[in-house]
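Results of the structural survey
What follows is the residue order along each chain.
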Amino acid sequence: MSSVEHTPSESAPDAQKWADVQASADFTELKQRLRKFVFPVSGLFLAWYLLYVLLADYAHGFMSTKVFGNINVGLIFGLLQFVSTFVITTLYVRHANKNLDPLAEKLRNEIEGDGK
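Residues numbered from 1 in each chain as written. Predicted model: local features only at pLDDT ≥ 70, side-chain atom pairs only at ≥ 80, totals over all residues. Heavy atoms only, no water.

Per an unreviewed UniProt entry, the protein chain goes by Clumping factor B and derives from Lentzea pudingi.

We now examine the overall build of the protein chain. Counting secondary structure elements, the protein chain contains 4 helices and 2 strands. Its helices and strands in sequence order give the protein chain the pattern α-α-α-β-β-α, from N to C terminus. Counting the 116 residues in the protein chain, one finds 17% classified as buried. Accessible surface for the protein chain amounts to roughly 8600 Å². Of this, 65% is attributable to carbon and sulfur atoms. (Helix = DSSP H or I, 4+ residues; strand = E, 2+ residues; numbered from the N terminus. Buried < 20%, exposed > 50% of the residue type's maximum accessible area, 1.4 Å probe, protein only. Areas by Shrake-Rupley, 256 points an atom, 1.4 Å probe, with all protein chains shown as cover.)

Most pronounced at Leu-100, the bend in helix H4 (residues 73–112) amounts to some 45 degrees, and the proline Pro-102 follows within four residues. Where H4 begins, one side-chain oxygen reaches toward the backbone nitrogen of Gly-74, 3.2 Å away; that side chain belongs to Asn-72. Looking one or two residues beyond H4, the residue adopting positive phi is Gly-113, at roughly 80 degrees. (Bend = angle between axes of the 7 residues up to and from the residue. Polar contact = N/O pair within 3.5 Å; in protein donor to acceptor, adjacent residues only side chain to side chain.)

To continue, consider the UniProt feature "transmembrane region" (unreviewed entry) in the protein chain. Following the UniProt record, the feature "transmembrane region" (unreviewed entry) maps to residues 37–55 and 67–93 here. Taken end to end, residues 37–55 is 100% helix and 0% strand, and its two terminal C-alpha atoms sit 27 Å from one another. Within the segment residues 67–93, helix and strand shares are 78% and 15% respectively, and the terminal C-alpha atoms sit 34 Å apart. (UniProt positions renumbered as here; feature names shortened; annotations may be inferred.)

It is worth spelling out the packing of aromatic side chains at this point. With the rule as written, the count across this model stands at 3 aromatic pairs. A ring pair is formed by Trp-48 and Phe-77, whose centres lie 5.6 Å apart and whose planes are at 55 degrees; its orientation type is tilted. Here the residue Trp-48 occupies a position in helix H2 (residues 25–58), and Phe-77 occupies one in helix H4, the gap between them amounting to 29 residues. Of the residues examined, Phe-77 reaches a relative accessible area of 17% and is grouped as buried. With a centroid separation of 6.1 Å and an interplanar angle of 75 degrees, the aromatic rings of Phe-62 and Phe-77 are classed as edge-to-face. Of this pair, Phe-62 sits in helix H3 (residues 60–63) while Phe-77 sits in helix H4, and the two are 15 residues apart along the sequence. (Phe/Tyr/Trp six-rings, centres within 6.5 Å; stacked < 30°, edge-to-face > 60°.)

The structure is reproduced here in structure tokens:
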């Protein structure tokens, strides 16, 4: 997230300005950069979650295998779901800061008339 404070312009951008920005190469590039990250990572996470659910439902013996003490494979896989969520969040924030935010800021400036 940008740390620069923005104040609304005296006149809000009109519909044509929004349409022009939406049709621009920069906006298309922004959408492409977002999708290149979001779709594969979402697919991987959903596959990982589905694996966990299927193992929990159909592989009782494997999931109840004790690793140490009262800790079993199912508990570790369950906790790894939380870990993977935080990892994905961290990766997305890095991706957004590096690849999305600069271009989004440029588009915002164009919309608000702060630069071309």
